[in-house]
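This is what each chain is made of:
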Amino acid sequence: MFVIAGLGNPTLQYEGTRHNVGFDVIDLLADKYNITVDTRKSRAFIGKGVIEGEKVILVKPQTYMNLSGESVRSLVDYFKIDEESELLVIYDDVSLDVGQLRIRKKGSAGGHNGIKNIISHLDTDVFMRIKIGVGKKPGRMDLADYVLSRFSGSEREQMEEGYEKAAKAAVMILKGEIDAAMNEFNKKVKPEEA
């Protein structure tokens, strides 16, 4: 069994913000594979289903971003999954261009409080992750304000593409093809010539 956790903040006020891209990818996977993510468990909404023959649990923690580890740890324990090989976390990254992906098998939190909390609760930084670029914050803007802002129209198009790629990468990872996913998606996307 595989747990795919997309990070974000609960409640309508955060819908569509840069910080909620993990939720958006979970919604895309749920739609694509007919999985309903509405069961409350371990301070999260979860949905059980099958993706390409693999049993999965799609997860949207409801603890607010900075406490994501509480929910993820509880689900890892409850479903008795191995976090190194059966957990995938999807979240936003301000150091990547809008819609750009970066797939990793492990690593530091890189300043992301949700990941910092997950590492702290799991007591390891060895778990797979898909980071989705939300763009660098403008110079004087506060980081918290930036990640809680919404995408512009042109950014939204790039993000839709990013979500599709992230969903495809997640399916490859489920099938044990993380190296292939890293090779395919970790390259820098060149903006199209105008």
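Computed from a prediction, not measured in an experiment: that's the story for all the values here. (Residues numbered from 1 in each chain as written. Predicted model: local features only at pLDDT ≥ 70, side-chain atom pairs only at ≥ 80, totals over all residues. Heavy atoms only, no water.)

Chemist: Just checking my understanding: could you explain helix α1 (residues 21–32) for this structure?
Modeler: With 12 residues, α1 extends 17 Å between its outermost C-alpha atoms, agreeing within 8% with the 16 Å of an ideal straight helix rising 1.5 Å per residue. Looking only at α1, the buried set comprises Val21, Gly22, Phe23, Asp24, Val25, Ile26, Leu29 and Ala30. Buried-residue contacts for α1 involve β1 (2–6), β3 (44–51), β4 (54–61), β5 (87–93), β7 (128–133) and α6 (153–174). Of the residues one or two after α1, Asn34 is the one with positive phi, at around 55°. (Helix = DSSP H or I, 4+ residues; strand = E, 2+ residues; numbered from the N terminus. Expected span 1.5 Å × (residues − 1). Buried < 20%, exposed > 50% of the residue type's maximum accessible area, 1.4 Å probe, protein only. Contact = heavy atoms within 4.5 Å.)

Chemist: What is the right way to look at the packing of α6 against helix α7 (residues 178–185) in this model?
Modeler: Angle between the axes and distance between the axes are the two parameters that describe a pair of packed helices. Packing of α6 against α7 leaves a shortest axis separation of 8 Å and a crossing angle of 155°. As summarised for this structure, α6 and α7 are arranged roughly antiparallel, according to the angle between their axes. You can see that α6 and α7 cross each other, and the crossing is right-handed. In this structure, α6 contributes Lys165, Lys168, Ala169, Met172 and Ile173 to the contact, and α7 contributes Ile178, Ala180, Ala181, Glu184 and Phe185. For the contact of α6 with α7, the residue count by class is seven nonpolar, no polar and three charged. (Axes fitted to C-alpha atoms, helices over the stretch in contact; angles between N-to-C directions. Parallel < 35°, antiparallel > 145°, perpendicular 65-115°, else oblique. Left-handed = near helix turned anticlockwise from the far one by under 90°. Nonpolar A, V, L, I, M, F, W, Y, C, P; charged D, E, K, R; others polar.)

Chemist: So what exactly am I meant to see when it comes to the pairing of β5 here?
Modeler: Sheet faces and side chains relate simply in a regular strand, where the side chains alternate between the two faces. The element β5 is largely enclosed, with a buried count of seven among its seven residues. Direction of pairing for β1 relative to β5: parallel, over a ladder of four bridges. Paired with Gly6 across the strands is Ile90, a residue of β5. (Pairing = 2+ DSSP bridges.)

Chemist: For this particular structure, what's the right way to read the packing of α1 against α6?
Modeler: Put simply, α1 and α6 touch, their axes get as near as 9 Å, and they point 65° apart. Here the hand of the crossing between α1 and α6 comes out right-handed. Judged by residue contacts, Val21, Asp24, Val25, Leu28, Leu29 and Lys32 of α1 engage Met159, Tyr163, Glu164, Ala166, Ala167, Ala170 and Val171 from α6. Taken together, the residues of the contact of α1 with α6 break down into 10 nonpolar, no polar and three charged.

Chemist: Can you help me understand the pattern of salt bridges in this one?
Modeler: Where side chains of opposite charge bring their charged atoms close, a pairing between them can arise. According to the stated counting rule, one finds nine salt bridges in the structure shown. Here Arg43 ties to Glu70 by a salt bridge, and the two come within 2.4 Å at their closest N and O atoms. Residue Arg43 is located in the loop between β2 (39–41) and β3, and its partner Glu70 is located in helix α2 (residues 68–78); the two are separated by 27 residues in the primary sequence. Of the charged contacts, one joins Asp93 and Lys131 as a salt bridge, the two residues approaching to 3.8 Å between their closest N and O atoms. With a gap of 38 residues between them, Asp93 in strand β5 and Lys131 in strand β7 connect regions that are remote in the sequence. Judged by its relative accessible area of 17%, Lys131 is buried. (Salt bridge = Lys/Arg side-chain N within 4 Å of Asp/Glu carboxyl O.)

Chemist: What is the right way to read the environment of Ile115 from this model?
Modeler: Along the chain, Ile115 falls in helix α4 (residues 113–122). Judged by its relative accessible area of 0%, Ile115 is buried. Spatially, the C-alpha atoms of Ile115 and Ile178 are 19 Å apart, while their sequence positions differ by 63 residues. In contact with Ile115, other than residues within four places in its own chain, are Leu7, Val89, Tyr91, Ser108, Ala109, Phe127 and Arg129.

Chemist: I'm lost on the sheet that holds β1 in this one. Help?
Modeler: Across a sheet, strands are paired by hydrogen bonds formed along the backbone, either parallel or antiparallel in direction. The strand order β2-β3-β4-β1-β5-β7-β6 describes an open sheet built from seven strands, whose pairing is mixed. Each end of this open sheet is capped by a strand with a single partner; those strands are β2 and β6 (101–104). In this sheet, neighbouring strand axes are inclined to one another by 25° on average, regardless of whether the strands run parallel or antiparallel. α6 contacts β1, β3, β4, β5, β6 and β7 of the sheet and is inclined by roughly 170° relative to β7. Each of β6 and β7 is contacted by α7, which is oriented at about 155° to β6, the strand it contacts most.

Chemist: Got a minute to help me understand the nonpolar core in this structure?
Modeler: Inside soluble globular proteins, nonpolar side chains tend to come together where they are buried. Ile4, Leu29, Leu58, Leu88, Ile130, Ile132 and Ile173 are the most contacted members of the largest nonpolar core, which has 35 residues in total. Apart from residues lying up to four places away in sequence, Ile130 is in contact with Leu88, Val89, Ile90, Tyr91, Leu101, Arg102, Ile103, Ala166, Ala169, Ala170 and Ile173. In this structure, Ile46, Val59, Val72 and Phe79 belong to the second largest nonpolar core, which totals 22 residues. (Core = buried A, V, L, I, M, F, W, Y, C linked by side-chain atoms within 4.5 Å.)

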